[in-house]
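Each chain, written out:
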Amino acid sequence: GHVFIGEDKANGENYSFLQEYFYSSDYDKFLSYVFTDRPIYRPGQKVYFKTIIVNSSSQGKSYFAGKEGAKGVELWKSDGTAGNTVLVKDIYDGTASSKPTSLTNVGGALFFSAISNSIGAELWKSDGTQDGTVLVSDINTSVGSSSPSGITDVNGMVYFAANNGVNGVELWKS
């Protein structure tokens, strides 16, 4: 891929833009941004950064799994600028990670799998706000996780694979 490094003179922000960094059969629909905590690094210095992979057709809303400070890997959103890149919700309290995966837009809501401290990996949805980021269902009500995967939009309905702890992995819809 190609790396472009520059400065947003209007906002005084430094950025790097990576082209073709994110593999997809539709790679031209994705943009990747890397935000660093300083404009120049010298050999031997630690590099702290946030990476954002944006679906260029998402009309300015982009969600990703990110980590900052003492929090674990959690759900973040961005419009591609450092100032509007924010944590949506700390799903797994403390330093542990909720590790949001399979982020899928269905009818304007974001559906994804995430781990919480009390129920394990289950299906969640978000409207982009802390209060609007909620558990859809605790599918595996035993000690284990349902581990939703393959979250897909089919005509506004959410289909995914999950394990309820009794029947094994099966097709589910929400």
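Here is what the cut-offs are and how they apply
Sequence positions are assigned chain by chain, starting from 1 and proceeding in written order. Local features in this predicted model are restricted to residues of pLDDT 70 or higher, and side-chain atom pairs are both shown and tallied only at a pLDDT of 80 or more, whereas totals for entire chains, interfaces and linings draw on every residue. Side-chain numbers here rest on the full set of heavy atoms in the structure, without hydrogens or water. For two strands to be treated as a pair, DSSP must find no fewer than two bridges joining them. Strands here are runs of E lasting at least two residues and helices are runs of H or I lasting at least four, both read from the DSSP assignment and numbered beginning at the N terminus. The angle between two axes is taken between their N-to-C directions and runs from 0 to 180 degrees, where each axis is a line fitted to C-alpha atoms and a helix contributes only its stretch in contact. Should any heavy atoms of two residues lie within 4.5 Å, those residues are considered in contact. Burial classification: accessible surface area is computed with a 1.4 Å probe over protein chains only, and a residue below 20% of its type maximum counts as buried, one above 50% as exposed, and the rest as partly exposed. Under this rule, positive means Lys or Arg and negative means Asp or Glu; His and the chain ends count for nothing. What makes a salt bridge here is a side-chain nitrogen of Lys or Arg within 4 Å of a carboxyl oxygen of Asp or Glu, nothing more. N or O atoms within 3.5 Å of each other form a polar contact, as long as, within protein, one can give a hydrogen and the other can take it, and as long as residues adjacent in sequence are counted only when both atoms are side-chain atoms.

S.K.: What is the right way to look at the sheet that holds strand 12 (residues 149-154) in this model?
M.R.: Paired through their backbone hydrogen bonds, the strands of a sheet run either parallel or antiparallel. Strand order in the open sheet made by the three strands is 12-13-14, with antiparallel pairing throughout. Looking at which strands have only one partner, the edges of the open sheet turn out to be strand 12 and strand 14 (169-173). The average angle at which neighbouring strand axes cross in this sheet is 20°, direction not considered. Strand direction decides the pairing type here: strand 12 and strand 13 (residues 157-163), joined by four bridges, are antiparallel. If you follow Val154 over to strand 13, its bridge partner there is Met157.

S.K.: What is the right way to read the environment of Ile151 from this model?
M.R.: Among the secondary structure elements, Ile151 is positioned in strand 12. Along the chain, Ile151 and Thr101 lie 50 residues apart, while their C-alpha atoms are 9.3 Å from each other. In this structure, Ile151 is in contact with Ser102, Thr104, Phe111, Phe112, Ser113, Leu123, Val158, Tyr159 and Phe160, ignoring residues within four places of it in sequence.

S.K.: How do you make sense of the sheet that holds strand 7 (residues 86-89) when you look at a structure like this?
M.R.: Strand order in the open sheet formed by three strands is 5-6-7, and the pairing between neighbours is antiparallel. This sheet does not close on itself; its edge strands, each paired only once, are strand 5 (62-66) and strand 7. Along the sheet, successive strands turn relative to each other by an average axial angle of 45°, direction set aside.

S.K.: Whenever I open this one, the side chain of Glu74 confuses me. Can you help?
M.R.: Secondary-structure assignment places Glu74 in strand 6 (residues 74-78). Lys71 provides the closest opposite charge to the buried, unpaired Glu74, separated from it by 7.8 Å. For Glu74, the side chain forms a polar contact with the side chain of Ser98, separated by 2.6 Å. Filtering out sequence-adjacent residues up to four positions away, Glu74 remains in contact with Phe64, Ala65, Gly66, Leu87, Lys89, Asp90, Ile91, Tyr92, Ala96, Ser97, Ser98 and Pro100.

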